[in-house]
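Residues per chain are reported as follows:
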Amino acid sequence: KNSVKSSNYPEILPEDVFFELIKNTSWPIFDIFASFGINQKIVHDVFAKKPFSTFRNGAKWPYIGLSPRVKELIVTSVKIAASYEKKKATCEDFLLALIRTPKETWLFQFFDFIGVSPKDFEAELVKATKATSKLNDPSGIFAPLDGILNALENNMMEAQDMNNPFFANKKQEGKKSE
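Caption draft 1: The overall build of the protein chain, seen in detail. Counting its regular elements, the protein chain contains 9 helices and 2 strands. In the protein chain, the succession of α and β elements from N to C terminus is α-β-α-α-α-β-α-α-α-α-α. Among the 178 residues that make up the protein chain, the fraction classed as buried is 29%. Within the protein chain, contacts between residues separated by at least 24 positions form 71% of all contacts whose residues are at least 6 apart in sequence. In the form shown here, the protein chain has an accessible surface area of approximately 12,200 Å², with 57% of it arising from carbon and sulfur atoms.

Caption draft 2: Representation of the pattern of salt bridges. Applying the stated criterion across every chain, the model contains 9 salt bridges. One salt bridge in this structure joins E122 and R100, with 2.8 Å as the shortest N-O distance. Here R100 lies in helix α6 (residues 91-100) and E122 lies in helix α8 (residues 118-133), a separation of 22 residues in the sequence. Look at E122 and you get buried, because its relative accessible area is 15%. By relative accessible area, R100 is classed as partly exposed at 39%.

Caption draft 3: Focus on helix α3 (residues 28-35). Considered for burial, the residues of α3 that qualify are I29, I32 and F33. With its buried residues spanning 100° around the axis, α3 presents them on a single face. In α3, the exposed positions angled more than 90 degrees off the buried face are occupied by D31 and S35. Where α3 terminates, the next one or two residues include G37, which has phi positive at roughly 75°.

Definitions and limits used
- Residues numbered from 1 in each chain as written.
- Predicted model: local features only at pLDDT ≥ 70, side-chain atom pairs only at ≥ 80, totals over all residues.
- Heavy atoms only, no water.
- Helix = DSSP H or I, 4+ residues; strand = E, 2+ residues; numbered from the N terminus.
- Buried < 20%, exposed > 50% of the residue type's maximum accessible area, 1.4 Å probe, protein only.
- Contact = heavy atoms within 4.5 Å.
- Areas by Shrake-Rupley, 256 points an atom, 1.4 Å probe, with all protein chains shown as cover.
- Salt bridge = Lys/Arg side-chain N within 4 Å of Asp/Glu carboxyl O.
- Arc of directions from axis to C-beta.

Next up, the structure:
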């Protein structure tokens, strides 16, 4: 958002989000980009050439927020995350939404320009998405801990009736509460 505002562009485009994703080296998406030889320098160099260089025409505009394209991609990425039973969408889900949205042809042009198969890139994103969805899997590594916590919560709820003196109080009838 800050880089778009400081450049006096009117809205955040999917291309802007892509630029920000490529900058971060701490998320699993970095490994996927690296495995295909995609890095910040390559993205910058490619977007300096036509037809990519025309996505920002250099005009100065007042900032208005997220573009309708980005909003649509966010909704799609949340749907993708939900399809993998994830609690929230990740960068991988956003990129999957970008690949699976037919209107976003620039990404396919980008992959074609650098010689990367969009299907192969999508397959790696799906693997990463499935891996992160396993973190939310109830039969995963945290299942024993979840079972213990659930048992404790259930026992505490049952024990509340006996240990809490206020649970024995009955509501008084005939008296209006204020």
